[in-house]
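Structural overview for review
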Amino acid sequence: ETHSSGKLWDLTTGQVVRHFQFKGDQISFSADSRLLLVEDGNASLRDVFTGEEVRRIDGRNPMFLPGSQQVATSDDHNLYVSDARTGRRLRTFAGRSSFPEATTTSEHFADFSPDGRFGLTRSDSDPWLVSALYDLKTGGVRVTKNEVEVNLAAVAFSSDNRSFLVTTQAFPDGGGGGDVCLHGLPQGETIRCYEGLNNSVTAAALTPDNRFVVASGAGGITN
């Protein structure tokens with residue numbers, strides 16, 4: 001089984017403090033900088049100072065919620081939010097699939113609003129599963145409104161917790177180009193869509209002052 005390798009540097013000295021291995025491509029620090037979260041079969045919480053694993057939390061695609069000690073994960077059936085300090089599950093969301101006969105889901109959290117209340121999801125393998133907006137406080141879920149938003153969509157929240165971006169794509173194979181749509185919070189309604197690229201959009205971001213949007217994707221640019 002293939003493992004990823006990592007290094008922890010001390011930025012004040014430039015020295016490598018520790019080497020570590022894990023299985024996925026997700027990695028993040030807790031808000032207090034004491035815990036390192038990696039995917040290692042399940043979510044693995046490592047002590048930054050000792051390198052030791054202090055806790056495991058069930059699920060793949062682990063992410064810390066902004067400014068909190070909560071961890072989001074997912075498996076073939078559900079999405080979860082858990083307390084990193086105890087491992088206790090705080091909320092469970094039933095995962096979705098675009099195929100009625102499907103018994104598993106690949107839906108997982110991709111980004112969170114800066115206040116940690118909302119989470120946006122995407123899928124890495126279900127070509128027709130649109131992104132959804134989850135309210136992590138109430139447990140509510142709203143599917144984003146644009147019907148052509150599909151699997152490879154990039155998502156991003158604004159810094160003021162008032163809106164979010166979801167990129168669109170005409171076909172699951174990446175053909176047909178992609179646009180960028182701005183949605184409002186907390187309802188998820190479409191505010192405006194911007195003409196995007198001639199190929200699928202794989203990344204998008206808002207500037208902190210909400211004036212500019214940048215979007216990028218694979219392939220060349222045609223004027």
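See above for the structure.
Residues numbered from 1 in each chain as written. Predicted model: local features only at pLDDT ≥ 70, side-chain atom pairs only at ≥ 80, totals over all residues. Heavy atoms only, no water.

**Focus: the sheet that holds strand 8 (residues 70-74)**
Threshold: Strand pairing is assigned whenever DSSP identifies at least 2 bridges connecting the two strands. Each helix corresponds to a stretch of at least 4 residues labelled H or I by DSSP, and each strand to a stretch of at least 2 residues labelled E; elements are numbered beginning at the N terminus. Axis geometry follows a simple rule: fit a line to the C-alpha atoms, using only the stretch in contact for helices, then measure angles between N-to-C directions, giving values from 0 to 180 degrees.
Strand order in this open sheet of four strands is 7-8-9-10, and the pairing throughout is antiparallel. Of all strands in the sheet, those with a lone pairing partner are strand 7 (60-64) and strand 10 (89-94), marking the two edges. Across this sheet, the average inter-strand angle for adjacent strands is 15 degrees, counted without regard to direction. Two strands pair when backbone bridges link them, and strand 7 and strand 8 are joined in this way by three bridges, in the antiparallel orientation. Its bridge partner being in strand 8, Arg60 is matched across the sheet by Ser74.

**Details of the environment of Pro127**
Threshold: Note on classification: 1.4 Å probe, protein chains only; a residue is buried when its accessible area is under 20% of the maximum for its type, exposed when over 50%, partly exposed between these limits.
As for its position among the elements, Pro127 is in the loop between strand 12 (118-123) and strand 13 (132-135). Judged by its relative accessible area of 22%, Pro127 falls in the partly exposed class. Along the sequence, Pro127 and Ser97 sit 30 residues apart, while their C-alpha atoms lie 9.7 Å from each other.

**Considerations on the pairing of strand 5 (residues 42-47)**
Within a regular strand, side chains alternate between the sheet's two faces. Counting buried residues along strand 5, five of its six residues qualify, which places the element largely inside the surrounding structure. Pairing of strand 4 (residues 35-40) with strand 5 involves six bridges; the strand directions are antiparallel. Within the sheet, the bridge partner assigned to Glu39 lies in strand 5 and is Ala43. The antiparallel hairpin formed by strand 4 and strand 5 contains one residue in its connecting segment, where Gly41 sits at a positive phi of about 85 degrees. Where strand 5 lies against strand 6 (residues 53-57), four bridges are found, and the strand directions are antiparallel. Looking at strand 6, one finds that Arg46 is bridged to Glu53.

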